[in-house]
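Below, each chain spelled out in residue letters.
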Amino acid sequence: MSEAPDDMTNPDFQNLWQSQPKEMTAMSLDQVHARARQFHTHINWRNRLEHVASALVVVVFTGYAIFLDPPLMKLGSVLIVAATLLVSLILVVRGRAAPVSDGAEDCLDFHRRALVRQRNLLSSAWLWYVMPFVPGFVMFMIPTIQNSAGDKGTTVWIYLAIAVVFFGGVIAVNLLGARGLQKEIDRLGG
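Presented here is a report on the structure given in the accompanying data block. These numbers come from a predicted model, not from an experiment.

1. Describing the overall build of the protein
Move 1: Within the protein, the secondary structure is distributed over 7 helices and 0 strands.
Move 2: In the protein, the succession of helices and strands from N to C terminus is α-α-α-α-α-α-α.
Move 3: Counting the 190 residues in the protein, one finds 31% classified as buried.
Move 4: In the protein, the share of contacts with a sequence separation of at least 24, taken over all contacts with a separation of at least 6, comes to 76%.

2. Topic: the packing of helix H3 (residues 71–94) against helix H6 (residues 134–146)
Move 1: H6 packs onto H3 with a crossing angle of 160° between their chain directions and a minimal axis gap of 7 Å. Put simply, H3 runs roughly antiparallel to H6. Relative to H6, the crossing made by H3 is left-handed. Residues Leu72, Met73, Leu75, Gly76, Ser77, Leu79 and Ile80 of H3 pack against Pro135, Gly136, Phe137, Met139, Phe140, Ile142, Pro143 and Thr144 of H6.

3. Things to note about empty space enclosed by the protein
Move 1: Considering all chains together, one arrives at 1 cavity of 30 Å³ or more under this definition.
Move 2: One number sums up the size of the largest cavity: a volume of about 60 Å³.
Move 3: Lining the largest cavity, in full, are Ala36, Phe39, His40, Ile43, Arg96, Ala97, Ala98, Phe110, His111, Ala114, Arg117 and Gln118.
Move 4: Where the lining of the largest cavity is concerned, the elements lending two or more residues are helix H2 (29–67) and helix H4 (107–123).
Move 5: Sorting elements by how many residues they give to the lining of the largest cavity places H4 first, with 5 residues.
Move 6: A per-class count over the lining of the largest cavity returns 7 nonpolar, 3 polar and 2 charged.

4. Side note on a nonpolar patch on the surface
Move 1: Judged by side-chain polarity, Leu56, Val60 and Tyr64 come together as a nonpolar surface patch covering roughly 260 Å² of accessible area.
Move 2: If you trace the backbone, Leu56 turns up in helix H2.

Rules of the game
- Residues numbered from 1 in each chain as written.
- Predicted model: local features only at pLDDT ≥ 70, side-chain atom pairs only at ≥ 80, totals over all residues.
- Heavy atoms only, no water.
- Helix = DSSP H or I, 4+ residues; strand = E, 2+ residues; numbered from the N terminus.
- Buried < 20%, exposed > 50% of the residue type's maximum accessible area, 1.4 Å probe, protein only.
- Contact = heavy atoms within 4.5 Å.
- Axes fitted to C-alpha atoms, helices over the stretch in contact; angles between N-to-C directions.
- Parallel < 35°, antiparallel > 145°, perpendicular 65-115°, else oblique.
- Left-handed = near helix turned anticlockwise from the far one by under 90°.
- 1 Å grid on protein atoms, 1.4 Å probe; cavity = no way out; pocket = protein on both sides within 12 Å on 5 of 7 lines; lining within 4 Å.
- Points joined across faces, edges and corners; volume = space filled by probe spheres on them.
- Nonpolar A, V, L, I, M, F, W, Y, C, P; charged D, E, K, R; others polar.
- Patch = residues over 30% accessible without salt bridge, like charges linked within 9 Å, V, L, I, M, F, W, Y side chains within 5 Å.
- Areas by Shrake-Rupley, 256 points an atom, 1.4 Å probe, with all protein chains shown as cover.
- Salt bridge = Lys/Arg side-chain N within 4 Å of Asp/Glu carboxyl O.

Read these as spatial facts, not as claims about activity.
Structure follows, in structure tokens:
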């Protein structure tokens with residue numbers, strides 16, 4: 001009885017591995033349409049929620065820009081409003097749900113492209129969703145730190161921790177969403 005070679009680069013192992021039947025996800029046209037419609041609905045709800053939150057941020061920080069005294073808080077508020085409008089525009093342009101096609105286009109490819117587009121959007125959220133808010137957040141916090149009664153170093157660390165937890169949480173949630181979409185893309189064979 002011969003021993004199995006322990007070299008995994010053995011051509012017999014490679015041939016055996018490569019000759020295995022590929023597992024294809026068999027989905028009916030109706031299943032693909034249903035998944036695409038469900039995904040379309042999910043993206044529309046996400047975008048509506050984002051736009052409602054954006055409207056609230058714009059109203060609140062416009063009020064801050066008008067009524068708060070410190071110039072850096074006013075500037076930070078204006079920058080946060082600008083960042084909010086930029087993020088909303090990006091969601092409208094890049095994040096909208098593509099309408100579900102009932103036409104002759106290959107539904108599976110259509111759905112896969114929609115998943116890839118949303119995955120790419122979520123995986124780059126740190127750049128287009130988080131980074132625009134950082135300058136406004138910093139400007140808004142500087143007067144608070146300057147006017148703090150206690151140790152300014154401790155206050156800086158507290159605000160830094162808040163920023164890391166908040167912005168890091170937003171990035172993590174988006175990356176988890178992108179990972180979930182990638183699993184769906186892989187399941188569709190793409």
